[in-house]
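Coordinate inspection notes
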Amino acid sequence: MWHYQPHSVVENPHTGVMAARYWRHPNASHRALRWGVVLLVLAGVGAYQVNQADLSKEAAGGVIVALIGGAWMAGEKLWPLFVWWRKRGAPSRGPTSDEVRTAKDILAGLVAQQWFEEMALRSLGDPAPMPVPWSSTERRELADHPEIIARGTVAFPGLAVHIADLARNFRALRCRRLVILGDPGTGKTTLAVQMMLELLRTRRPDEPVPVLLSAARWDSQRHPRLQEWLTASLAMNYPALLAEGLGPDIPETLVARGEVLPVLDGLDELPDQARADMLTALNRSMCDKHQLILTCRTTQFAAAVDKIGDVLTAAAVIEPHVMSPAVAADYLEACLPPVPRPAWPPILEALRSGTAPALAQITSTPLGLWLVRATYIAPGVDPSRLLELGRGGTAELYDHLCDQLIPALVSTLPPADGPVQPFRPQHAWSPEQVGHWLTYLSRQLSRDPSDQRDMAWWHVARYTSSRPVQVGAGVVIGILAGTGALLLTKLLHAGASIGVLFALGVAIWIGSWFTEPPGHADFHLRGRLPELLSIGRDALIIATLAGLVSALTTFAIRPDLKAALMGAWAYAVLAGVGYLLVYGLIRWVERPTTGTTARSPQSTWRADRNLTFIRILAGLGAGLALSVVGLMAKQLWSLVIAAGLVLGLLIGLLLGKHHAWLAYILTIPRLATKGRLPLRAMDFLDDAHRLGLLRTEGPYYQFRHVELQEHLARQPER
C-alpha cells in the first residue's frame, strides 16, 4: 500500500548507491519489514500474557521465537537504511569519463535488445519499414521558425525515403528535436521505434542514447523538469545502471550531461490540460544541447499548441501522406514468401491496376495496410476472400478485416514468457473471449449519450444494477454487527436491533459508491498548513467536548473529582486521537483524481485502491481505540478487540468520498458470472492495450481504431 518508488533514490543528488541497492526490490524489503514489526508486536502481547497468567513453557518459547524472528527481519532491513542515513551527508565522488562511457554502452545495449525483439515480434522492419511518405508539415502554426530548427535547409521529402535518410535529416537539425504527427493508424509509433533503432545502430561515442518512454507516464507536477523524470525512469526501467561498479548517480549524470535522447511516445494519450502542461514543461526543461523525439496525433498536438500559445522550441514537425496503390502492392508483395499462395498474385495485380477500389482505398494508409497484413499475411490464411471484397464496398471490406483482426492478433501475439514486454499480453485469452468482452464494452459505450469514446474502469459499476449488491452488503454487515452486539451485551433484542439498523444504514449509504469518481491519497504538505490547522482545531474541540461530557457524567454518578478528571482525560485523548486517525486523516489525504494526477487507467485504479486501504487502516486504528474503552470497562478482552476491529473496518470502508475501487470490486463478480467481463477485468483491459486493440488517454481506455469499436457495437447481442 504505502511504498517507496525505486526511482525516488535518484531524484536527490546526495542519494547514494547503498540506498539504491536497498530499495531496488521494495516489495520484498517492505514485506520482510512489515512481518518483522508484526512479529515484534505479537511478541510484546505474548510477553504481557505470560507475565499475567501461568502459561506453559511452550507459550513462552513461542514468544521468544517471535521476538527473535521479528527483531531479525526488521533489523536486517532497517540496518542498511540506517547506514545509508549516517553516510548521506558525506561528499561522494563523481563518476569518471570511463564510467560514463561504459554506462552509455550498457544502456544502448539494453535498449537495442529490448526493441529489436519487439521489432521482430511486430514485423516492423520485415522485410523493410512500411513505405509511408513523410514530409515537413505545411501547417506553419505547429512548427518553430525555420532558421531556429536548422542551419541552412533540411528537407524531409514527401516520398517513401529509407529510415536512414530520416535519421540523417534528424542529425542535421540544429537541436535535433523532432515531432512526428499523424492521424490514428498512420504509423507514428512505428516510425519512432525505427528511428530510435537506426540512431542506435549508427551511434557515435559522443552521441546520446535514444530511449523510448511513454509520455503518459510523466507527471509534470511531480517532476516539473524533464530531466528529473528521465533520471527516475532510467533508474526504474534499467536497474543495471545502478550497479556499484559504474560509480554513483549514473542515471542522473547521464541525463544532466545530455547523454540521453528521450523518445516520448503518445502525447495524445494524456488529457487536454496535462498535454498542454507537458509541452510547457518541455520548453522550460530543455536547453540547446537537449534532444527530443515526440509523437502525437495531429489534432491533439494542434490543440495543445493553441492552448499554450507556443510551439515546441526548435523542433521540426513532420506528417505522413497517403500511399499509392502501386507502393502498397509492392510492400505487401515483399511481405509474402517467395512462393505465395496462388490467390495473392491476382490480388496484387488488381490493387495495382485499380480494379479493386475498396482494397486500394484501405491500403492507402498504414492502418489499412497493417490490417491486411495482420489478418491475412501474418496468420498465413487463404486470402481469396480479400479479392472478392476488395472489388466491392470499402465499408464491407473494413467489417471483414475487423472480424478477422482479433483472432489474428491473439494467435500471433502469445503471452510474454518471462519479463513484462510492452507489446505482448501477460495472460492467455481465447479469441472468442476477447471478441465477446470487447463487444460488450463497445455496446455500453454506444449507449452513453455523453461520451462514446472514453471507457473508464469506474464506469463498469454503472453497467448493471447496484441494488442486489447494496442489499447483500447490508445483510452481511448487519449480521456481523448484530453478532458483535449480542456477544458484548448478551441481549438478543439488542443484537437484532443493531443488526437491522446497520443493514439498512449500509444498504442506503453505499448507494452513492457506484457513481463516485476515483480518488487518490495526497500526503504533500506544501501549501496545506491551514487545512492541517483546521483539522487539529476540530480534533481539539471534539476532545474537549468528549472530556467535558465524560467528567460531568462520571461526577453525577459518583461525586469523585479525581476519578472524574482521570476519566475525562482518558476519553478526551481517545476522542481526539480517534478523530485525527480516522476522519481527520481521511479528510486531509483524500483528493479527487484530476487531469494532472490521472496518468493512466492502471495508475488511477491503484491510487483509489491504495486510498481505500489507507481508510481501512485509519478505521482499524479507531477500532483499537474503542477497544481500549471496552477494556477500561472490564469487558472480555477478546470480544472487545474483535468488536473494535470489525467496527473500525466498517468505519474505514464507509467514510470518505471516493469508493470507485470498492464499487468496481463489488460489480465485477456479477458481470463475470453473466459472462460479460472476466473476473480479472483490469488485466484483460491491459492485455487488450498491449495487443493493440485499445489505447489509453489519461485514465480512460479507448478503442485504438474507431472502425473496430463501431463494428463490434453493431454485432447482435448474445
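Residues numbered from 1 in each chain as written. Predicted model: local features only at pLDDT ≥ 70, side-chain atom pairs only at ≥ 80, totals over all residues. Heavy atoms only, no water.

On the secondary structure map, S442 appears in helix α18 (residues 431-446). Exposure remark for S442: the relative accessible area of 0% places this residue in the buried category. (Helix = DSSP H or I, 4+ residues; strand = E, 2+ residues; numbered from the N terminus. Buried < 20%, exposed > 50% of the residue type's maximum accessible area, 1.4 Å probe, protein only.)

Glancing now at empty space enclosed by the protein. Inspection of every chain in the model, using the stated rule, returns 5 cavities of 30 Å³ or more. Computed from the structure, the second largest cavity encloses a volume of approximately 60 Å³. Class assignment for the residues of the lining of the second largest cavity results in 5 nonpolar, 1 polar and 3 charged. (1 Å grid on protein atoms, 1.4 Å probe; cavity = no way out; pocket = protein on both sides within 12 Å on 5 of 7 lines; lining within 4 Å. Points joined across faces, edges and corners; volume = space filled by probe spheres on them. Nonpolar A, V, L, I, M, F, W, Y, C, P; charged D, E, K, R; others polar.)

Take helix α26 (residues 681-690) next. Most of α26 is tucked away, with 8 of its 10 residues classed as buried. Restricting attention to buried positions, one finds in α26 the residues A681, M682, F684, L685, D686, D687, A688 and R690.

With that settled, consider the packing of helix α12 (residues 325-335) against helix α15 (residues 366-377). The N-to-C vectors of α12 and α15 enclose an angle of 25°; their axes lie 11 Å apart at closest approach. Looking at the two axes, α12 sits roughly parallel to α15. Judged by the sense of rotation from one axis to the other, the crossing of α12 with α15 is right-handed. Only L369, V372, R373 and I377 of α15 make contact with α12, whose side of the interface consists of A328, Y331, L332 and C335. Of the residues assigned to the contact of α12 with α15, the class counts are 7 nonpolar, no polar and 1 charged. (Axes fitted to C-alpha atoms, helices over the stretch in contact; angles between N-to-C directions. Parallel < 35°, antiparallel > 145°, perpendicular 65-115°, else oblique. Left-handed = near helix turned anticlockwise from the far one by under 90°. Contact = heavy atoms within 4.5 Å.)

A few words on the packing of aromatic side chains. Applying the stated criterion across every chain yields a total of 11 aromatic pairs. For the ring pair W605 and W661, a centre distance of 6.4 Å and an interplane angle of 70° mean the geometry is edge-to-face. Of this pair, W605 sits in helix α23 (residues 601-632) while W661 sits in helix α25 (residues 660-673), and the two are 56 residues apart along the sequence. Taken as a pair, W605 and W661 share a single burial class, namely buried. Look at W605 and Y664: their rings are 6.0 Å apart centre to centre, the planes differ by 85°, and that puts the pair in the edge-to-face class. (Phe/Tyr/Trp six-rings, centres within 6.5 Å; stacked < 30°, edge-to-face > 60°.)

The buried fraction of strand β2 (residues 177-182) amounts to 6 of the 6 residues, a majority that puts the element mostly inside the structure. Residues of β2 alternate between two faces, with R177, V179 and L181 on one and L178, I180 and G182 on the opposite face, all of them buried. For β2 and strand β5 (residues 292-297), the ladder comprises 6 bridges, and the chain directions are parallel. Opposite L178, over in β5, you have I293 as the bridge partner. Here 3 bridges tie β2 to strand β6 (residues 316-320), and the two strands are oriented parallel to one another. Its bridge partner being in β6, I180 is matched across the sheet by I318. (Pairing = 2+ DSSP bridges.)

Here we take up the state of the cysteines. Per the stated rule, a full pass over the model turns up 0 disulfides. C175 takes part in no disulfide bond, and the closest cysteine sulfur, belonging to C287, lies 8.7 Å away. Using a relative accessible area of 5% as the deciding quantity, one classes C175 as buried. (Disulfide = S-S within 2.5 Å.)

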